[in-house]
Amino acid sequence: MGGPHGGPFLLFHVLCFLLTLSEVGSQNSKACALRCPPNSSCVNGTACRCAPGFISFSGEIFTDPLESCDDINECGPPSQVDCGSSADCQNTEGGYYCTCSPGYEPVSGAMIFRNESENTCRDVDECSSGQHQCHNSTVCVNTVSSYTCHCRQGWEPKPGLKDKQKDTICKEISFPAWTAPPGIKSRSLSAFFERVQKMSRDFKPAMAKKSMQDLVGSVDDLLKNSGDLESLDQSSKHVTVTHLLSGLEQILRTLAKAMPKGSFTYRSLDNTELSLVVQEQGKGNVTVGQSHARMLLDWAVAAAAEESGPTVVGILSSQNMKKLLANASLKLDLEKLKETYKSPVRGAKVTLLSAVSSVFLSNTNTEKLDSNVSFAFALHEQPELKPRQELICAFWKKDSNGNGSWATTGCWKMGRGNGSITCQCSHLSSFAILMAHYDVEDLKLALITKVGLALSLACLLLCILTFLLVRPIQGSRTTVHLHLCICLFVGSAIFLAGIENEGGEVGTRCRLVAVLLHYCFLAAFCWMSLEGVELYFLVVRVFQGQGLRKLWLCLIGYGVPLIIVGISAGAYSKGYGREKFCWLNFEGGFLWSFVGPVTFIVLGNAIIFVITVWKLTQKFSEINPDIKKLKKARVLTITAIAQLFVLGCTWVFGLLLFDPESWVLSYIFSILNCLQGFFLFVLYCLLNKKVREEYRKWACMVAGNKYSEFATTTSGSGSSHNQTQALRPSESGM
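Quantities reported herein were computed from a predicted structural model and do not represent experimental measurements.

Rules behind the numbers
Residues numbered from 1 in each chain as written. Predicted model: local features only at pLDDT ≥ 70, side-chain atom pairs only at ≥ 80, totals over all residues. Heavy atoms only, no water. Helix = DSSP H or I, 4+ residues; strand = E, 2+ residues; numbered from the N terminus. Buried < 20%, exposed > 50% of the residue type's maximum accessible area, 1.4 Å probe, protein only. Contact = heavy atoms within 4.5 Å. Areas by Shrake-Rupley, 256 points an atom, 1.4 Å probe, with all protein chains shown as cover. Salt bridge = Lys/Arg side-chain N within 4 Å of Asp/Glu carboxyl O. Core = buried A, V, L, I, M, F, W, Y, C linked by side-chain atoms within 4.5 Å. Expected span 1.5 Å × (residues − 1). Pairing = 2+ DSSP bridges. Axes fitted to C-alpha atoms, helices over the stretch in contact; angles between N-to-C directions. Phe/Tyr/Trp six-rings, centres within 6.5 Å; stacked < 30°, edge-to-face > 60°. Disulfide = S-S within 2.5 Å. Polar contact = N/O pair within 3.5 Å; in protein donor to acceptor, adjacent residues only side chain to side chain. Parallel < 35°, antiparallel > 145°, perpendicular 65-115°, else oblique. Nonpolar A, V, L, I, M, F, W, Y, C, P; charged D, E, K, R; others polar. Lys, Arg positive; Asp, Glu negative; His and termini not counted. Left-handed = near helix turned anticlockwise from the far one by under 90°.

**Student:** Whenever I open this one, the overall build of the protein chain confuses me. Can you help?
**Tutor:** Of regular secondary structure, the protein chain possesses 17 helices and 27 strands. In the protein chain, which comprises 734 residues, the proportion classed as buried is 44%. Considering only residue pairs separated by 6 or more positions, the protein chain has 62% of its internal contacts joining residues 24 or more positions apart. Per element, the accessible surface of the protein chain, about 38500 Å² overall, is 59% carbon and sulfur.

Written as structure tokens, this is what we have:
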């Protein structure tokens, strides 16, 4: 069967088969070319394959004609490539490569590589290689992969720029401007600020340490040899202290930035101590201090916001500040103290027991700290606390007028031991330990005083009306009694209305009240002395003429105290008014402007009364004494002595009222002061028969009944009439 025609026939069939396959392949090729997207190749008539470095949504092979092949990011997460340290992966379309990170360069010289094994990257030192762009006022400091520009020691960034940046520009630290407080006239203060100006002109950052020592020494000289600062009024002293404390904080903070990093402590010859720490911003706590005070705070509190330079923490402690802080007021948490003492607290008298310690930090925003600061203050005295006394942690608070006062808000005492007091504060300022003696208002005593004085005023008013309206008792002694009651009435009314100085500041109102009280009570004692003079004329010089005329009585009674008060006010006007009461100041012996005249009057009256009693004894021993007249003189003497005793004893205790240490003395004065008017009313009105008769007559007129003079004067009317006729006008008030 394979005959000669078999070979050609077989060849023909093979050619036909190959031709058929060629046509089919041509058709498939045309179909793939139409269906597969870019970056892919045909797998068969229904599928495509993405090229290496690309992938579709369905994977490497896909059949959906709408899908596309997208680039694979070998560098993106999750990373499929490990270029090694200090190198970055760079993605390309369909691939990737590795390069050294900025600030690094390859040792091999090959700028691109594929994996960690080919990585030869190392840090570039821009500072030594000269590739940095730091300003010539800074120092280049190399960092990993970069560099920063630091201010030199004694230099600081220009305003608006930061330290340790690539664009940092610095300027030399200068001595801050500091001038005398406006409105304060003092030669010693002016001389101090002249020295400060000289320091400012001669200052060099390299001399920062010596400049701080010289500044502390100058402050010591100012406070130790204060000169005319002592003569300033209290407000001016406190303005000066406020200005000194705030200025010292600012200057020491600035000069400390020019110091080398580390700690520094200086103690002057006058025992003023300065301690500070300068270092880069750290973590945790830092302790700074010396023998006067120690401070513990967090570094985060000390660092200034948005400032990358060295952080400064310092504390300056001075004992000499006490001179200018004498009698400084204390602002109290009255509600808290009221709960403690179960009664209102009107104020406190404070005593400084420690050095005044001023804190300065790089951070100037210290009114509200993120964490509390702890202090330990050494006590220079170890007081034994009495009732209403307390040791408190206080700070010097500046007000809007440049003045200042002690305050306790935001500070509290933690404990006491080993001669020191531990405190915590939520803010920073100038601190000290004070012993406060609280002025706790006694509500019972206040009630007794107000009710008693009101009763006394009513009785004095009745006395005044009686002396003016009752004609049978008119005379020189009645004139004395009238003006005595007027002075006491006016003085008691002013005392009741204005004795308390609620604001704590001695102003014009308080000084005026003190002047009026001084005058009224001196006038009352002068009129009391005139009664002694009238008694002398009545008993000792009896039958030798009349007493002083009314004109002379008024000139002496009102003129003498006016002269005393005028001289006192002209010599030392600041002696009127105190922090708590509008009365005479105890300082400088000014109280003697009241005590001296009163003592003289009391002693003079006492001498007159001794002479009077002696004369009465002689007259009673005569052969034919006028018994009735002598008995009346004796009654006048006894009442005058009783009046002197009540008024004198009242003011012996009254001098202690304005600075009470014992509640017993306060109660005694209040009771005696309240009884003055009542005692005079009883003594000169109710015990006087003629006054009682006038009172009955007035009562009957008011009631509408007919008054019978016969019924009240039947017994001894004749003799009384004759005796009245025989008496001089000055005696008719008996």
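**Student:** Looking at this structure, I do not really get the pattern of salt bridges. What am I missing?
**Tutor:** Two side chains of opposite charge can pair, provided their charged atoms sit close to one another. As enumerated under the stated definition, the model contains nine salt bridges in all. Note that R49 is salt-bridged to E60, the shortest N-O span being 3.5 Å. Placement of R49 in strand β2 (residues 48–50) and of E60 in the loop between β3 (54–55) and β4 (61–62) is noted, with a sequence separation of eleven residues between them. Residues D214 and K210 are paired through a salt bridge, measuring 2.9 Å at the closest nitrogen-oxygen approach. With D214 and K210 both in helix α4 (residues 208–224), this residue pair falls four residues apart, about one helical turn.

**Student:** Even after reading the chapter, I still don't get the nonpolar core, so can you show me in this structure?
**Tutor:** A general feature of soluble globular proteins is that nonpolar side chains tend to end up buried together. Ranked by size, the top nonpolar core spans 54 residues in total, and within it W178, L274, L330 and W406 carry the most contacts. Formed by 31 residues, the second largest nonpolar core is a distinct cluster that contains M295, I315, C411 and I421.

**Student:** Even after reading the chapter, I still don't get helix α9 (residues 476–498), so can you show me in this structure?
**Tutor:** An α-helix turns once per 3.6 residues; consequently, residues spaced three or four apart project the same way. Along its 23 residues, α9 runs 33 Å from first to last C-alpha, staying within 8% of the 33 Å computed at 1.5 Å per residue. The element α9 is extensively covered by neighbouring structure, given that 17 of its 23 residues are classed as buried.

**Student:** Which parts of the structure should I look at to understand the sheet that holds strand β25 (residues 411–417)?
**Tutor:** To summarise the sheet geometry, strands pair through backbone hydrogen bonds and adopt either a parallel or an antiparallel arrangement. Taken together, the five strands give an open sheet; going across it, the order is β16-β17-β22-β26-β25, and neighbouring strands pair in antiparallel fashion. Bordering the open sheet on either side are β16 (285–289) and β25, each of which pairs with just one other strand. Each strand of the sheet is rotated relative to its neighbour by a mean of 20°, with strand direction disregarded. In this structure, β25 lies alongside strand β26 (residues 420–425), joined through six bridges in antiparallel fashion. In the sheet register, W412 faces β26, and the bridge partner there is Q424.

**Student:** Is there a simple way to think about the packing of aromatic side chains in this case?
**Tutor:** For any pair of aromatic rings, the description rests on two quantities: the centre-to-centre distance and the angle between the ring planes. Scanning all chains against the criterion turns up 13 aromatic pairs. Judged by centre distance (5.9 Å) and plane angle (65°), the ring pair of F175 and F203 falls under edge-to-face. Taken as a pair, F175 in the loop between β13 (170–172) and α3 (187–202) and F203 in the loop between α3 and α4 lie far apart in primary sequence, 28 residues in all. Of the two residues, F175 and F203, neither departs from the other in class, the shared state being buried. Plain terms: the ring middles of F192 and F193 are 5.0 Å apart, the flat faces sit at 75° to each other, and that makes the pair edge-to-face. Classification of F192 as buried rests on a relative accessible area of 0%.

**Student:** For this particular structure, what's the right way to read the state of the cysteines?
**Tutor:** Throughout this description, disulfide means a covalent bond between two cysteine sulfur atoms. Under the criterion given, the structure shown has eleven disulfides. Paired through a disulfide, C50 and C69 show a sulfur-sulfur distance of 2.0 Å. Because the sign of the S-S torsion sets the handedness, a value of about -85° for the bond joining C50 and C69 places this disulfide among the left-handed ones. Of this pair, C50 sits in strand β2 while C69 sits in the loop between β4 and β5 (70–71), and the two are 19 residues apart along the sequence. Grouping residues by exposure puts C50 and C69 together as buried. Between the sulfur atoms of C151 and its disulfide partner C170 the distance amounts to 1.8 Å. A torsion of -85° about the S-S bond marks the disulfide between C151 and C170 as left-handed.

**Student:** Sorry, what's going on with the environment of K166 here?
**Tutor:** Along the chain, K166 turns up in the loop between β12 (155–157) and β13. Considered as a pair, K166 and C134 are 32 residues apart in the sequence and their alpha carbons are 6.2 Å apart. Apart from the residues within four sequence positions on either side, K166 is in contact with Q133, S146, Y147 and C149. A polar contact is formed between the side chain of K166 and the side chain of S146, at a distance of 3.1 Å.

**Student:** So what exactly am I meant to see when it comes to the pairing of strand β11 (residues 146–151) here?
**Tutor:** As a general feature of sheets, a regular strand has side chains that alternate between the two faces. With five of its six residues buried, β11 lies for the most part within the structure. Across six bridges, the pairing between strand β10 (residues 138–143) and β11 is antiparallel. By the bridge assignment for β11, T138 is matched with C151. The turn linking β10 back onto β11 is made up of two residues, and S145 within it adopts a positive phi angle of 75°.

**Student:** Just to check I follow, could you spell out the packing of α3 against α4 for this structure?
**Tutor:** Running from N to C, α3 and α4 point in directions that differ by 175°, and their axes come no closer than 10 Å. The angle between α3 and α4 places the two elements in the roughly antiparallel class. The residues of α4 that touch α3, namely those facing S188, L189, F192, R195, V196 and M199, are S211, D214, L215, S218, V219, D221 and L222. Classifying every residue of the contact of α3 with α4 gives seven nonpolar, three polar and three charged.

**Student:** Would you mind showing me how to read helix α15 (residues 689–703) here?
**Tutor:** For α15, built from 15 residues, the straight-helix expectation of 21 Å at 1.5 Å per residue is met to within 8% by its first-to-last C-alpha distance of 21 Å. Along α15, the positions that sit buried rather than exposed are V691, E693, E694 and C700. Capping the start of α15, N688 holds a side-chain oxygen 3.0 Å from the backbone nitrogen of K690, two or three residues further along. One or two positions beyond α15, positive phi appears at G704, with a value near 90°.

**Student:** Help me understand the side chain of D163, please; the structure alone is not making it clear to me.
**Tutor:** Looking at where D163 falls in the secondary structure, it is placed in the loop between β12 and β13. Despite its burial, D163 pairs with no opposite charge, the nearest such side chain being K164 at 5.5 Å. One polar contact links the side chain of D163 to the main-chain amide nitrogen of C151, over a distance of 2.9 Å. Discounting chain neighbours no more than four positions away, the residues touching D163 are C149, H150, C151, P157, T168, S308 and G309.

**Student:** I would appreciate a short explanation of the pairing of strand β24 (residues 404–407) in the present structure.
**Tutor:** Neither face of β24 is exposed, since G404 and W406 on one face and S405 and A407 on the opposite face are all buried. In terms of strand pairing, strand β19 (residues 330–331) meets β24 through two bridges, oriented parallel. Counted as the bridge partner of L330 is W406 from β24. Both strand β23 (residues 389–398) and β24 contribute to a ladder of four bridges, which runs antiparallel. Residue pairing in the sheet places K398 in a bridge with G404 of β24. Hairpin remark: β23 followed by β24, antiparallel, with five residues in the connecting loop; positive phi at G402, about 85°.

**Student:** Explain the packing of helix α8 (residues 443–469) against α9 to me, please; I cannot follow it from the model alone.
**Tutor:** Each packed pair of helices is defined by two parameters, the angle between the axes and the distance between the axes. Where α8 contacts α9, the axes come no closer than 9 Å and their chain directions differ by 150°. Taken as axis vectors, α8 and α9 run roughly antiparallel relative to one another. The way α8 lies across α9 gives a crossing that is left-handed. Counting all contacts with α8, which are made through K450, L453, L457, L460, L461, C463, I464, F467 and L468, the residues of α9 involved are T478, H481, L482, C485, I486, L488, F489, S492, A493, F495 and L496. Grouping the amino acids of the contact of α8 with α9 by side-chain chemistry returns 16 nonpolar, three polar and one charged.

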